[in-house]
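Fold and geometry: a report
What follows is the residue order along each chain.
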Amino acid sequence: MGWAIMASPESQRVMATSVGRQEEFESTWSESDDGYNFASTESGLGINLTTLVTFLRAVEAEYVSDNQYHTSVHAADVLQTLHCLIQMGRGGISEALEKIDVYAMLLSAVVHDIGHPGTNNLYQINAKTDLAIMYDGKSCLENMHAAKTFQLI
């Protein structure tokens, strides 16, 4: 999911090619509907797509798969929801956002629960877990999510 949204329109081109529909994609694609295009150096941020995909795969691997809720599927759901909200805001608030702002928002959606153990901050503090001790009981999980993200970057 992260690749499909964050690497558009190149991700759509790759998907169309993989199912033998590249010509149809090329004939219907237009500059006005080019997705986020973060890879473009002219209209985007010049993000290397190979690096982005490698990063997204590493993020996915850090989500705890046996966690009942805070999984990579949850991250994809949050990313998709944010993407929809941004698209619904076209012509309004989303027009005021710079490309880097949109990229940061989407990336934040992807990593917001990375490594989540399935318990909340209060549990961490009361159980005196390593996370609670490391972060002195202050936003243990949020600090851990940020730290894991920065480690991957």
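Residues numbered from 1 in each chain as written. Predicted model: local features only at pLDDT ≥ 70, side-chain atom pairs only at ≥ 80, totals over all residues. Heavy atoms only, no water.

Okay, the layout of surface pockets next. Within this model, the second largest pocket holds a volume of roughly 260 Å³. Secondary-structure elements contributing two or more residues to the lining of the second largest pocket are α5 (72-88) and α6 (99-111). Looking at the lining of the second largest pocket residue by residue, the class counts come to 5 nonpolar, 3 polar and 4 charged. (1 Å grid on protein atoms, 1.4 Å probe; cavity = no way out; pocket = protein on both sides within 12 Å on 5 of 7 lines; lining within 4 Å. Points joined across faces, edges and corners; volume = space filled by probe spheres on them. Helix = DSSP H or I, 4+ residues; strand = E, 2+ residues; numbered from the N terminus. Nonpolar A, V, L, I, M, F, W, Y, C, P; charged D, E, K, R; others polar.)

Our next topic: the pattern of salt bridges. A complete count under the given rule lists 2 salt bridges for this structure. Close ionic contact of Glu62 with Lys148 constitutes a salt bridge, the shortest N to O distance being 3.3 Å. Of this pair, Glu62 sits in helix α4 (residues 49-62) while Lys148 is found in helix α9 (residues 140-152), placing the two residues 86 residues apart along the sequence. Exposure remark for Glu62: the relative accessible area of 31% places this residue in the partly exposed category. Linking Asp136 and Lys138 is a salt bridge whose minimum nitrogen-to-oxygen distance equals 2.9 Å. Taking relative accessible area as the criterion, Asp136 reaches 56% and is therefore assigned exposed. (Salt bridge = Lys/Arg side-chain N within 4 Å of Asp/Glu carboxyl O. Buried < 20%, exposed > 50% of the residue type's maximum accessible area, 1.4 Å probe, protein only.)

Another aspect to go through is unusual backbone geometry. Positioned with a positive phi, Asn37 is a non-glycine residue whose angle comes to about 55°. By secondary structure assignment, the location of Asn37 is in the loop between α3 (22-28) and α4. Note on Asn37: relative accessible area 16%, which makes it buried.

Looking at where His74 falls in the secondary structure, it is placed in helix α5. Judged by its relative accessible area of 11%, His74 falls in the buried class.

It is worth spelling out the packing of α4 against α6 at this point. A pair of packed helices can be characterised by two numbers: the angle between their axes and the separation between those axes. Direction vectors running N to C along α4 and α6 enclose 30°, while the axes themselves pass 10 Å from each other. Here α4 is positioned roughly parallel relative to α6, judged by the angle of their axes. Packed against α4, whose contacting residues are Leu52, Phe55, Leu56 and Val59, the element α6 presents Tyr103, Leu107, Val110 and Val111 at the interface. Classifying every residue of the contact of α4 with α6 by side-chain character gives 8 nonpolar, no polar and no charged. (Axes fitted to C-alpha atoms, helices over the stretch in contact; angles between N-to-C directions. Parallel < 35°, antiparallel > 145°, perpendicular 65-115°, else oblique. Contact = heavy atoms within 4.5 Å.)

Distances and angles like these do not, on their own, reveal function.
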